[in-house]
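Each chain is listed here by its residues.
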Amino acid sequence: RIGTAILLCCAPILLLGCSGGAPTAAAGTPEWTIQSASIAAKKSDAARYVSFFTEERHRSELAGEIMLLNVQVPIREMAESEGAHSVKAVDALLADEVALLTALGKDWAWLSKTSKLGDDERWREWESAVANVANPGELWAKSLRKHPDMMIWWGNKIENVQVNGDTATAKAYAENNPRFENQLKLKRVNGEWKIDVR
């Protein structure tokens, strides 16, 4: 799961082909949701972007954020060994990371402890940290506003949409690059299609 998250973070972002900034698919369909999320990403509208994802996806993305923070642990530990002045300087540089940890009710000591766990155990610890957060969508949107390049612009072709009751799958890719495709899972929540966890 961690390897997949790293791969997705490093994957090239696909440009949306919808001109005019409005979905072309029929409202209330999985295609409309995918197009709408893409348009929000293109406009760097984080709040609207996250509204097209399930709460489970919000929490999964926050766990992924913690995974990325994990690489900062050695820097923070080095600062601690150098004293309060270094800690203050590093925390100023890592203000976004500190803010997210604080919002989750966690700190660097907790993250340092999880970094010593095995991959699966570590991921479970991160998932546990976000499981009871009251506002996962707001926290994810806050992070995306600071890092808008993390919002995915799906490809302009959406195919193989398979609806099975309240779940669906679809394939999205750039028309000029069919090899790089995104397999999306969707779930109907309160009558609206949302992009779900991968």
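Above: the structure in question.
Throughout this document, residue positions are counted from 1 along each chain, in the order its sequence is written. For this predicted model, a pLDDT threshold of at least 70 governs which residues receive local features, and a threshold of 80 or more governs which side-chain atom pairs are given and counted, while totals over whole chains, interfaces and linings are taken from all residues. Heavy atoms throughout the structure, all of them, feed into the side-chain values; hydrogens and water do not.

**With respect to the environment of A22**
Cut-off, in case you're wondering: Each helix is a run of DSSP H or I of at least 4 residues and each strand a run of E of at least 2, with the numbering of both proceeding from the N terminus.
Looking at where A22 falls in the secondary structure, it is placed in the loop between α1 (2–10) and α2 (30–42). As a C-alpha pair, A22 and W32 span ten residues in sequence and 9.5 Å in three-dimensional space.

**A look at the pattern of salt bridges**
For clarity, the threshold we go by: What makes a salt bridge here is a side-chain nitrogen of Lys or Arg within 4 Å of a carboxyl oxygen of Asp or Glu, nothing more. Exposure categories follow from relative accessible area, calculated using a 1.4 Å probe and restricted to protein chains: below 20% of the type maximum is buried, above 50% is exposed, and the middle band is partly exposed.
As enumerated under the stated definition, the model contains eleven salt bridges in all. Here E80 ties to R76 by a salt bridge, and the two come within 2.5 Å at their closest N and O atoms. A residue pair is termed a helical-turn pair when its members lie 3 or 4 positions apart in one helix, as E80 and R76 do in helix α5 (residues 73–82) at four residues. R76 sits in the buried class, given a relative accessible area of 11%. Residue K116 pairs with E77 through a salt bridge whose shortest N-O separation is 3.8 Å. Here K116, found in the loop between α8 (108–114) and α9 (119–131), pairs with E77, found in helix α5; they are 39 residues apart in sequence, far enough to count as distant. Taking the relative accessible area as the measure of exposure, K116 reaches 63% and is therefore exposed. Through salt bridges with shared partners, a single ionic network connects R57, E61 and R198.

**So, the nonpolar core**
Keep this limit in mind: What is meant by a nonpolar core is a set of buried Ala, Val, Leu, Ile, Met, Phe, Trp, Tyr and Cys residues, joined one to another through side-chain atoms within 4.5 Å. Every residue pair with non-hydrogen atoms within 4.5 Å of one another is taken to be in contact.
If you look at the biggest cluster of nonpolar residues, it comprises 43 residues, and the most contacted ones within it are Y49, F53, I66, L111, W126, W154 and L186. With five residues, helix α4 (residues 55–69) is the largest single contributor of residues to this core. Apart from residues no more than four positions distant in its own chain, I66 is found in contact with L104, W110, L111, W126, A129 and V130.

**Considerations on unusual backbone geometry**
For S44, which is not glycine, the phi torsion reads 55 degrees and is therefore positive. As for its placement among the helices and strands, S44 is situated in the loop between α2 and α3 (46–50). Residue S44 is classed as partly exposed on the basis of its relative accessible area of 41%. Within the chain, N190 stands out as a residue other than glycine whose phi angle is a positive 50 degrees. Take N190: it is sitting in the loop between β3 (177–189) and β4 (192–195). A residue is classified by how much of its surface remains accessible, and N190, at 79% relative accessible area, is exposed.

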